[in-house]
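# Structural overview
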Amino acid sequence: MRRATVFLAGLALLLTGCGGVGSGGTAPHQQHNTDPVALRGKLEAMMADECFTSDPRKVYPACNKFFVELVGTANAVKDALPGKPASVRAASDKLGKGMHAYNANQCGPADKRIIPSKTDVCATALQTTRAGMQNVYDQLYPAPGK
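Throughout what follows, the structure given in this document is the object of discussion.

### Some remarks on the overall build of the chain
- The number of helices and strands found in the chain is 7 helices and 2 strands.
- When the 146 residues of the chain are sorted by exposure, 36% land in the buried category.
- Summed over all atoms, the accessible surface of the chain reaches about 8400 Å², with 56% contributed by carbon and sulfur.

And the structure:
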């Protein structure tokens, strides 16, 4: 439960893009590595993960670590967005929507068991996240000739 709470707090910070310190002050923004080669490598590594490649109806309960790591990747993508076209921001928003749905529905139980009543919503959240990741990747690194 503590992991989920910490993750949701991090996700909320990611999605709102703000944070407070002390008595109303603003926390400094932590810059993430937005080097195109490093970010591409990170996205490709995550896209090789079984949570990205396997049947979402079977793997969703074991994807907590994937989603925790995805917060850092999403932050790096967000930092890479200034000056990017609206299509990249839209892809990033889709990624955030999937991440939010996965966590809001508590799709990653500690014992990693499939919960039949959550399978559809959690598989859909994972699919949305995957599609968002793929869209972000395609927008940031278009295939030659596109």
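### Structural notes on helix H7 (residues 119-140)
- Across its 22 residues, H7 extends 31 Å between first and last C-alpha, which sits within 8% of the 32 Å expected from 1.5 Å per residue.
- The complete set of buried residues in H7 reads Thr119, Cys122, Ala123, Ala125, Leu126, Thr129, Arg130, Gly132, Met133, Val136, Tyr137 and Leu140.

### Looking at the state of the cysteines
- On inspection of all chains with the given rule, the structure shows 2 disulfides.
- Paired through a disulfide, Cys51 and Cys63 show a sulfur-sulfur distance of 2.1 Å. Every disulfide takes its handedness from the sign of the S-S torsion; for Cys51 and Cys63 that torsion is -105°, giving left-handed. With Cys51 in helix H3 (residues 50-53) and Cys63 in the loop between helix H4 (56-59) and helix H5 (64-80), this pair connects stretches of sequence that are 12 residues apart.

### Observations concerning the pattern of salt bridges
- Going through the model one piece at a time under the given rule, you end up with 4 salt bridges.
- Between Glu69 and Lys65 there is a salt bridge, and its shortest N-O distance comes to 4.0 Å. A residue pair is termed a helical-turn pair when its members lie 3 or 4 positions apart in one helix, as Glu69 and Lys65 do in helix H5 at 4 residues.
- A residue is classified by how much of its surface remains accessible, and Glu69, at 40% relative accessible area, is partly exposed.

### Focus: the packing of aromatic side chains
- Applying the stated criterion across every chain, the model contains 3 aromatic pairs.
- Between Phe66 and Phe67 the ring centres are 5.6 Å apart and the planes differ by 80°, which places this aromatic pair in the edge-to-face class.
- Taking relative accessible area as the criterion, Phe66 reaches 4% and is therefore assigned buried.
- You can call Phe67 buried: its relative accessible area is 1%.
- Aromatic side chains Tyr137 and Tyr141 sit 5.4 Å apart centroid to centroid with 50° between the ring planes, which places their arrangement in the tilted category. Assigned by exposure class, Tyr137 and Tyr141 land together as buried.

### Considerations on helix H2 (residues 36-47)
- In this model H2 runs 16 Å from its N-terminal to its C-terminal C-alpha over 12 residues, within 8% of the 16 Å that 1.5 Å per residue would give.
- For H2, the full list of buried residues reads Leu39, Leu43, Met46 and Met47. Down the axis of H2, the buried set is contained in an arc of 100°. They therefore lie on one face. Opposite its buried face, H2 presents the exposed residues Val37 and Ala45, each directed more than 90 degrees away.

Cut-offs applied
- Residues numbered from 1 in each chain as written.
- Predicted model: local features only at pLDDT ≥ 70, side-chain atom pairs only at ≥ 80, totals over all residues.
- Heavy atoms only, no water.
- Helix = DSSP H or I, 4+ residues; strand = E, 2+ residues; numbered from the N terminus.
- Buried < 20%, exposed > 50% of the residue type's maximum accessible area, 1.4 Å probe, protein only.
- Areas by Shrake-Rupley, 256 points an atom, 1.4 Å probe, with all protein chains shown as cover.
- Expected span 1.5 Å × (residues − 1).
- Disulfide = S-S within 2.5 Å.
- Salt bridge = Lys/Arg side-chain N within 4 Å of Asp/Glu carboxyl O.
- Phe/Tyr/Trp six-rings, centres within 6.5 Å; stacked < 30°, edge-to-face > 60°.
- Arc of directions from axis to C-beta.

Any functional reading would require information that these geometric values do not contain.
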